[in-house]
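The chain contents come next:
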Amino acid sequence: MSERPSNGERRWEGEMFRLLVENVKDYAIFLIGPDHRVLSWSRGAEHVLGYREEEIVGQPIDCFFTPEDRERGHPAKEMTQALTTGRGEDDRWHVRKDGTRFWSNGVMTPLYDETGVLRGFAKIMRDRTDFKRAEEARLERARLERLRNARLAVTQVLAQAESIPEAASGVLRAVCESLGWELGFFWLLDPLAQVLRCQASWHVLEQSFDQFETASRQRIFKKGEGLPGHLWSLGKPHWLLDCTKETNFPRAAMAAQDGLCSAFGCPIVVGQETLGVIEFFTKQLREPDEELLEMMGTVAGQMGHFLERKRTEEALRDSEEKFRAMADTIPQLAWMAHADGHIFWYNRRWYEYTGTTPEEMVGWGWQSVHDPATLPKVMDRWKASLASGQFFDMVFPLRGADGVFRPFLTRVIPARDATGAIRYWFGTNTDISAQQHAADAARFLADASATLAAVVDYESTLHKVARCAVPFFADWCTVHMAEPDGTLRPLALVHRDPSKIEWAKELSRRYPPRPELPYGPYQVLR
């Protein structure tokens, strides 16, 4: 057995760690006291935040946060999260000494002494402004690309369509598919009766809007009445944040029953004459998009010119020709539940992923595809949302038909009627396996950094680092130390199941690393 490091060796290790912290410039690494004031400062912190050590030590950390985040209490919330969960994650805009803002990706870890007393916090921050702006630019490019694709798709539809119903259905479909809206209607003005009549509708295949579509097709709208009549009267595109809460929306009850929320529409105008209206609906709550409305104004203009050309020709054709619904699936798992949480519908993707049947999933049968270890927390959160009526947002694993659990981001929104009562819940589960792997890697690095920041001796430190790696990257981790004679000495062994540690040690004793093998620890050292 090797001797423990001497005091001199420990001082040397401490000095090396200090040099490591002082020479890392891409990361702001510093300590914070329990009173929320800066205790220590590094060159990296000065590089990222702009403060010199003598300026910032002893100052509250609130100065790093934006005024709006200070008003929301985020500095204290981050520390509370760190104390509650062992780590406080921090992805937000921060403020440098010179007042400029930067996007930071950081983590805060509480530091306790050997008696369990909180001594402060370790904070690691990284300037990710370039990444943030690149991501925002990417999303903006994607949004503009969707608008461009919608314009191109509409132009192609109008160039190929031979009838008004064909053009209307094609435009509705093109807009819905390109911009992510679930349902669309085309209303044509009856010039004799001076009312709008529904001539065509289109919806995504995997969702049903029977009540709303039926009510819409059976209705007529006068000028100024409902969304179609309002668009006719207004003469320009208009957006409804939540159509179920509008006073001038006679179809609100049916929209709420079918889970619809945001809507927008455009009048089809040629010169001073209104020929019709197009409107679109989604189950999502979407903020107004002025560029989308402007683009749809152009689309409505194109459609108006098409209608003007086709009206005489279209009168000779069968106006009752039905359009054919085209298959459209969404990549997420999707489902709907009653107000009490009883799930009554799943999309096809759910059954394909889970390998279950509708009979198995009735009501609360979805619990069978959850990890038993996380199911209680999921149930608590879900019941809390049912009781409060609030949006549900959580990440948890779901078992696939292959038996493998994968992490899914689950979001559930309530659909309310005109009185505000919840009629349905609409939920989606999005596979985030790739994102979770990247997050686990970042979390491991943060935990390892925090462990190294509290270094006492290298043996205990390496043992803690091994514990950080489990279960992020493996079910068990073994650390070997290279001896002066070239042999390897097992230093630490961690298993995600404590009851199997002795079993793992026995395997290591029976099958120790062998230098002649082309794999294993010796191969890593080579």
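Residues numbered from 1 in each chain as written. Predicted model: local features only at pLDDT ≥ 70, side-chain atom pairs only at ≥ 80, totals over all residues. Heavy atoms only, no water.

## A few points about the layout of surface pockets
- The space that makes up the second largest pocket amounts to roughly 1100 Å³.
- At the level of elements, helix H6 (129-160), helix H7 (164-179), strand S15 (405-416) and strand S16 (422-431) are the ones that each hand at least two residues to the lining of the second largest pocket.
- Grouping the amino acids of the lining of the second largest pocket by side-chain chemistry returns 15 nonpolar, nine polar and nine charged. (1 Å grid on protein atoms, 1.4 Å probe; cavity = no way out; pocket = protein on both sides within 12 Å on 5 of 7 lines; lining within 4 Å. Points joined across faces, edges and corners; volume = space filled by probe spheres on them. Helix = DSSP H or I, 4+ residues; strand = E, 2+ residues; numbered from the N terminus. Nonpolar A, V, L, I, M, F, W, Y, C, P; charged D, E, K, R; others polar.)

## Comments concerning the nonpolar core
- Counting residues in hydrophobic clusters, the biggest one holds 37 residues, and the most contacted among them are Phe 186, Ile 278, Phe 280 and Met 296.
- Where this core is concerned, the elements lending two or more residues are H6, H7, strand S7 (195-203), strand S10 (263-270), strand S11 (273-281) and helix H11 (290-315).
- Counting 23 residues, the second-largest nonpolar core is a separate cluster that includes Val 369, Leu 375, Trp 382 and Phe 408. (Core = buried A, V, L, I, M, F, W, Y, C linked by side-chain atoms within 4.5 Å. Buried < 20%, exposed > 50% of the residue type's maximum accessible area, 1.4 Å probe, protein only.)

## Focus on H6
- Along its 32 residues, H6 runs 46 Å from first to last C-alpha, staying within 8% of the 46 Å computed at 1.5 Å per residue.
- The set of residues buried in H6 consists of Thr 129, Arg 143, Leu 147, Ala 150, Val 154, Val 157 and Leu 158. (Expected span 1.5 Å × (residues − 1).)

## What to know about empty space enclosed by the protein
- Enumeration according to the criterion identifies two cavities of 30 Å³ or more in this entry.
- The wall of the largest cavity is formed by 14 residues, among which Trp 335, Ile 343, Trp 366, His 370 and Phe 396 lie closest to the centre.
- Of all the elements in the fold, those that place two or more residues in the lining of the largest cavity are strand S13 (343-346), helix H14 (375-388), strand S14 (392-399) and S15.
- Element by element, the count of residues in the lining of the largest cavity is highest for S14, at three residues.
- Partitioning the lining of the largest cavity into residue classes produces eleven nonpolar, three polar and no charged.
- Quantified by volume, the second largest cavity comes out at close to 50 Å³.
- Residue lining of the second largest cavity: Phe 30, Ile 32, Ile 61, Phe 64, Phe 65, Glu 78, Asp 90, His 94, Met 108, Lys 123 and Met 125, and that is the complete set.
- Going through the elements one at a time, strand S1 (27-32), strand S3 (88-95) and strand S5 (118-127) are the ones with two or more residues in the lining of the second largest cavity.
- Residues belonging to the lining of the second largest cavity are distributed by class as follows: seven nonpolar, one polar and three charged.

## Structural notes on the sheet that holds S11
- Here six strands make up an open sheet; going across it, the order is S8-S7-S6-S11-S10-S9 and the pairing antiparallel. Either end of the sheet is taken by a strand with one partner, and the two such strands are strand S8 (220-221) and strand S9 (238-240).
- Pairing of S7 with S8 involves two bridges; the strand directions are antiparallel. Bridging from a neighbouring strand, Leu 196 pairs with Phe 221 of S8.
- Here helix H8 (residues 210-218) sits on the sheet and contacts strand S6 (183-190), S7, S8 and S11; the angle it forms with S7, its principal contact strand, is near 150°. (Pairing = 2+ DSSP bridges. Contact = heavy atoms within 4.5 Å. Axes fitted to C-alpha atoms, helices over the stretch in contact; angles between N-to-C directions.)

## Observations concerning unusual backbone geometry
- The backbone of His 36 shows a phi angle near 75°, a positive value even though the residue is not glycine.
- Along the polypeptide, His 36 turns up in the loop between S1 and strand S2 (38-40).
- When its relative accessible area of 27% is taken as the criterion, His 36 is described as partly exposed.
- Phi at Gln 194 takes a positive value of approximately 55°, unusual for a residue other than glycine.

## Topic: the packing of aromatic side chains
- The full count for this structure, using the stated rule, is 24 aromatic pairs.
- Between Phe 185 and Trp 187 the ring centres are 6.4 Å apart and the planes differ by 40°, which places this aromatic pair in the tilted class. No difference in accessibility class separates Phe 185 from Trp 187, as the two residues are buried.
- Each ring, one from Trp 335 and one from Trp 382, has its centre 6.0 Å from the other, and the planes form 85°; the classification is edge-to-face. Of this pair, Trp 335 sits in strand S12 (residues 333-338) while Trp 382 sits in helix H14, and the two are 47 residues apart along the sequence.
- According to the relative accessible area criterion, Trp 335 is buried, its value standing at 7%.
- For Trp 382, a relative accessible area of 4% puts it in the buried group.
- Each member of the aromatic cluster is reached from another via a ring pair, and the members are Phe 185, Trp 187, Phe 212, Phe 221, Phe 249 and Phe 281.
- The lysine or arginine in question, Arg 128, covers the ring of Phe 131, its NZ or CZ lying 4.4 Å from the ring centre.
- Of note, Arg 286 hangs over the ring of Trp 181, and the distance from its end group to the ring centre comes to 4.8 Å. (Phe/Tyr/Trp six-rings, centres within 6.5 Å; stacked < 30°, edge-to-face > 60°. Lys NZ or Arg CZ within 6 Å of the ring centre and 35° of its normal.)

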